[in-house]
Amino acid sequence: MSFKKFDFEVGLPLDRFIKKKQDDFPYATGELSQLLRDIALAGKLVNLAISKSGLLGIEGAMGKNNVQGEAQQHLDVIANDRFINALKNGGEVAGIISEEEDNIIKVNCDGKYIVAIDPLDGSSNIDVNVSIGTIFSIYRRKSEIGGKVTKEDVLQSGNQQVAAGYLLYGSSSMLVFTTGAGVYGFTYEPSIGEFFLSHNNIQIPEKETYYSVNEGSYFNFDDSIRQYIDQCKKSGISARYIGSLVADFHRNLLKGGIYFYPRTKSYPEGKLRLCYECNALAFLVEQAGGMASNGQQRILDIKPESMHQRCPMYIGNKSMVEEVISLINEVATP
Ligand SMILES: O=P(O)(O)OC[C@H]1O[C@](O)(COP(=O)(O)O)[C@@H](O)[C@@H]1O
Ligand SMILES: [Mg+2]
Ligand SMILES: [Mg+2]
């Protein structure tokens, strides 16, 4: 039975899927495939640490802050170390930017790729057994192989991503990614220690099922955002907000909906980080037939100026994102 380019047999192990995908690209040299395997390996180790965190006494804060002034949790640091080590040992990566690191981590000067990573997403939910995740973006380096990694390498627009995805550590753990030819979800089978294809060519449903926003900030939002939230309520759309971006995004990707983190008085540029949170999810949602904007422009077209820059984000069903953007512009230009 022949499979169309986007169709793969559910239950396919990740390794075999990556191999089949690679065959689609005659010029593929296997480095990106190996890099995806390295990320999956680190994901398994982080999943293990999370599942045992309550027993290993690795809950709570470390007592120091990251470059954004946020208290680093033990698991933020453990996840950061696991991913950096796996990428270092893998040999495919020249440079890494991470939420938990002030500067570019220069890895293998012969590496072809750049990785931007949020090692542990949903930090406020770590100690309360609520789904958390890891978010990653992969780019080809711009600088000479063998040479130094430059700012130009790490400050690429999201439309330059060659792959992106996330790991979700929840009731079951999953790896969801795209290499620009569809979005695929793999579920982790801990007793075998392998990811198996469970979600084939994910497409966001048209149905406007959920809106996801921290309504605790309602009075800190612009008028247009308050109007949009009121509109969602009037039209009976259900509210869901976990407070872990990966988990909120994943639910809406499978069920339909919009997640948004607008600018607020405390976060005038928005809270989420463009390079290692917004870009990856924007690439995925577009591959799944959805849309991602900062309210003014397509997230993937924003040229980053700094590694840890923040960005408002509206992401999900096209119809819902278009709706909130038109309200933002209506209110901005009465
Ligand atoms: O508590 P708030 O302000 O709603 O923010 C929650 C958001 O912040 C985040 O926790 C930020 O990510 P990190 O946990 O990686 O710092 C998102 O996962 C989540 O959507
Ligand atoms: Mg995050
Ligand atoms: Mg994080």
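Note: the structure precedes this text.
None of the values given here were measured: they were computed from a predicted structure. (Residues numbered from 1 in each chain as written. Chains lettered and ligands numbered in written order. Predicted model: local features only at pLDDT ≥ 70, side-chain atom pairs only at ≥ 80, totals over all residues. Heavy atoms only, no water.)

S.K.: I'd like a description of the site of ligand 1, backed by residues and values.
M.R.: Neighbouring residues of ligand 1: 17 residues in total, closest Asp121, Ser123, Tyr241, Leu245 and Tyr261. Take Asn214: an N or O atom from its side chain is 2.8 Å from an oxygen atom of ligand 1. Side-chain polar atom of Tyr241 to an oxygen atom of ligand 1: 2.6 Å apart, as the coordinates give it. Out of a free accessible area of 470 Å², ligand 1 has 88% covered by protein chains. For the shell around ligand 1, the secondary-structure elements that each account for two or more residues are β5 (113-121) and β13 (257-261). Counting residues per element, the shell around ligand 1 draws most heavily on β5, which supplies 3 residues. For the shell around ligand 1, the class distribution of residues is 5 nonpolar, 5 polar and 7 charged. Mapped onto the domain boundaries, the shell around ligand 1 takes at least three residues apiece from domain 1 (14-199) and domain 2 (210-332). (Near = heavy atom within 4 Å. Polar contact = N/O pair within 3.5 Å; in protein donor to acceptor, adjacent residues only side chain to side chain. Areas by Shrake-Rupley, 256 points an atom, 1.4 Å probe, with all protein chains shown as cover. Helix = DSSP H or I, 4+ residues; strand = E, 2+ residues; numbered from the N terminus. Nonpolar A, V, L, I, M, F, W, Y, C, P; charged D, E, K, R; others polar. Domains from an automatic or database assignment.)

S.K.: Describe the coordination of the magnesium ion (ligand 2), naming the residues involved and giving the relevant values.
M.R.: At this site the magnesium ion (ligand 2) is bound by Asp118 (OD), Asp121 (OD) and Glu277 (OE), with donor distances of 1.8 to 2.1 Å. In primary-sequence terms, the residues that donate to the magnesium ion (ligand 2) follow D-x2-D-x155-E. Distance-wise, the magnesium ion (ligand 3) is placed 3.7 Å from the magnesium ion (ligand 2), both being coordinated by Asp118. Here the residue Asp121 occupies a position in strand β5, and Glu277 occupies one in helix α7 (residues 274-287), the gap between them amounting to 156 residues. Residue Asp121 shares its accessibility class with Glu277, and that shared class is buried. (Donors = N, O, S within 2.8 Å, 3.2 Å for Na, K, Ca; no water. Buried < 20%, exposed > 50% of the residue type's maximum accessible area, 1.4 Å probe, protein only.)

S.K.: Can you explain the pairing of strand β8 (residues 173-178)? Please cite residues and give values.
M.R.: With respect to burial, β8 is a largely interior element, 6 of its 6 residues being buried. By the alternation rule, side chains of β8 split into Ser173, Leu175 and Phe177 and Met174, Val176 and Thr178, which are all buried. Examined bridge by bridge, strand β7 (residues 163-169) and β8 share 6 bridges and lie antiparallel to one another. Across the sheet, residue Gly165 finds its bridge partner in β8, namely Phe177. What sits between β7 and β8 in their antiparallel hairpin is a turn of 3 residues. In terms of strand pairing, β8 meets strand β9 (residues 183-189) through 5 bridges, oriented antiparallel. By the bridge assignment for β9, Thr178 is matched with Val183. A loop of 4 residues connects β8 with β9, the two strands running antiparallel in sequence, and Gly180 in this loop sits at a positive phi of about 95°. (Pairing = 2+ DSSP bridges.)

S.K.: Pulling in residues and values, what's your account of the packing of aromatic side chains?
M.R.: The full count for this structure, using the stated rule, is 11 aromatic pairs. Ring centres 5.9 Å apart and planes at 90° place the aromatic pair Tyr166 and Phe249 in the edge-to-face group. Here the residue Tyr166 occupies a position in strand β7, and Phe249 occupies one in helix α6 (residues 245-255), the gap between them amounting to 83 residues. Its relative accessible area of 0% is what places Tyr166 among the buried residues. Phe249 gets classed as buried once you look at its relative accessible area, which sits at 3%. Pairing Tyr218 with Phe219 gives two aromatic rings, centres 5.0 Å apart and planes at 85°, and the pair type is edge-to-face. The exposure class of Tyr218 is buried, given its relative accessible area of 16%. Each residue in the set Phe17, Phe177, Tyr184 and Phe186 is aromatic and connected to the rest through ring pairs, giving one cluster. (Phe/Tyr/Trp six-rings, centres within 6.5 Å; stacked < 30°, edge-to-face > 60°.)

S.K.: Describe in detail the coordination of the magnesium ion (ligand 3), supporting the description with residues and values.
M.R.: Coordination of the magnesium ion (ligand 3) by the protein comes from Glu99 (OE), Asp118 (OD) and Leu120 (O), over a distance range of 2.0 to 2.2 Å. On the primary sequence, the residues serving as donors to the magnesium ion (ligand 3) are separated as E-x18-D-x1-L.

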